[in-house]
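Below, each chain spelled out in residue letters.
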Amino acid sequence: GESVGLHLPTLSVQEGDNSIINCAYSNSASDYFIWYKQESGKGPQFIIDIRSNMDKRQGQRVTVLLNKTVKHLSLQIAATQPGDSAVYFCAERGQAGTALIFGKGTTLSVSS
Amino acid sequence: NAGVTQTPKFQVLKTGQSMTLQCAQDMNHNSMYWYRQDPGMGLRLIYYSASEGTTDKGEVPNGYNVSRLNKREFSLRLESAAPSQTSVYFCASSEGQRGYTFGSGTRLTVV
């Protein structure tokens, strides 16, 4: 698999590898975090979310990890496929009732 | 299931012209949002409406106005378009603490 220690705008992986996309968030009071996937010419689509009282949540082929100590969020994609190629955004909510704040995004490119 | 519908999908304006971007959702969500997306900037919040009858400024509200017409519809108006408002605009809606559902976007070019 391939991982990045800091947020990078692009990540290139081979089909079948595990991908790790990182995100640093800004507000230590944020209570809710989401990962979105955006394919070219489309709006962002929900992938997985996690609340601040959790440190890990798993979905189908995806896992989100939350480290509140260093305000870091990561998205792990298992067995990456060409259809996973897209821009991935993390988003945080500062407090209940406020709008999501989005990160700048990471472009994932999967080659077969 | 239409979800969030935005119109138009594409628009070219001349500097100084006005226009309204339309957004409608059929999920009975209380909250609606307008974001703009520029290369390398991610999505930035322009305005949002936590519930029918309320609107609040986001990160980049200057040059825009909004109207929450009813629970379903939330429009974004550019009174005097500027080239700096060339962007892709996304409308979204949400209910409670769930993630947002986004529309497919309006690609606006101001010349």
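Structure shown above.
Right, let's walk through the structure included here.

Conventions used here
- Residues numbered from 1 in each chain as written.
- Chains lettered and ligands numbered in written order.
- Predicted model: local features only at pLDDT ≥ 70, side-chain atom pairs only at ≥ 80, totals over all residues.
- Heavy atoms only, no water.
- Pairing = 2+ DSSP bridges.
- Helix = DSSP H or I, 4+ residues; strand = E, 2+ residues; numbered from the N terminus.
- Axes fitted to C-alpha atoms, helices over the stretch in contact; angles between N-to-C directions.
- Contact = heavy atoms within 4.5 Å.
- Buried area = accessible area lost by both parts, 1.4 Å probe.
- Salt bridge = Lys/Arg side-chain N within 4 Å of Asp/Glu carboxyl O.
- Polar contact = N/O pair within 3.5 Å; in protein donor to acceptor, adjacent residues only side chain to side chain.
- Buried < 20%, exposed > 50% of the residue type's maximum accessible area, 1.4 Å probe, protein only.

## Looking at the sheet that holds strand β7 (residues 72-77) of chain A
Pairing between the strands of a sheet is mediated by backbone hydrogen bonds and can be parallel or antiparallel. Residue and element names in this part refer to chain A. What the four strands build is an open sheet, ordered β2-β7-β6-β5; its pairing is antiparallel. Every interior strand has two partners, whereas the edge strands, β2 (19-24) and β5 (56-58), have only one. When the angles between neighbouring strand axes are averaged without regard to direction, this sheet yields 15°. For strand β6 (residues 62-67) and β7, the ladder comprises six bridges, and the chain directions are antiparallel. By the bridge assignment, leucine 66 is partnered in β7 with leucine 73.

## Some words on the interface of chain B and chain A
Interfaces are often sized by the accessible area lost when the parts come together. Taken together, the contact pairs 18 residues of chain B with 19 residues of chain A. Together, the buried faces of chain B and chain A total about 1400 Å²; carbon and sulfur atoms form 56% of this surface. Linking chain B with chain A are zero salt bridges, by the criterion used here. Between chain B and chain A we count five residue pairs in polar contact (both at pLDDT 80 or more) in total.

## Examining the sheet that holds strand β1 (residues 4-7) of chain B
All names here are of chain B. Overall, antiparallel pairing links the four strands, which are arranged β1-β3-β8-β7 in an open sheet. Strand pairing shows two members of the sheet lacking a second neighbour, β1 and β7 (65-68), which therefore form its edges. Sheet twist, expressed as the average angle between the axes of neighbouring strands with direction ignored, equals 15°. In the sheet, β7 pairs with strand β8 (residues 74-78) via four bridges, with the strands oriented antiparallel. Bridge pairing in β8 links serine 67 to serine 75.

## Let's talk about the pattern of salt bridges
Inspection of the entire model under this criterion finds seven salt bridges over all chains. For aspartate 84 of chain A, the salt bridge goes to arginine 61 of chain A, with nearest N and O atoms at 2.9 Å. You can see aspartate 84 of chain A sitting in the loop between β7 and β8 (86-93) and its partner arginine 61 of chain A sitting in the loop between β5 and β6, a full 23 residues away along the chain. The exposure class assigned to aspartate 84 of chain A is buried, which follows from its relative accessible area of 7%. Glutamate 79 of chain B is paired through a salt bridge with arginine 77 of chain B; the nearest N and O atoms lie 3.1 Å apart.

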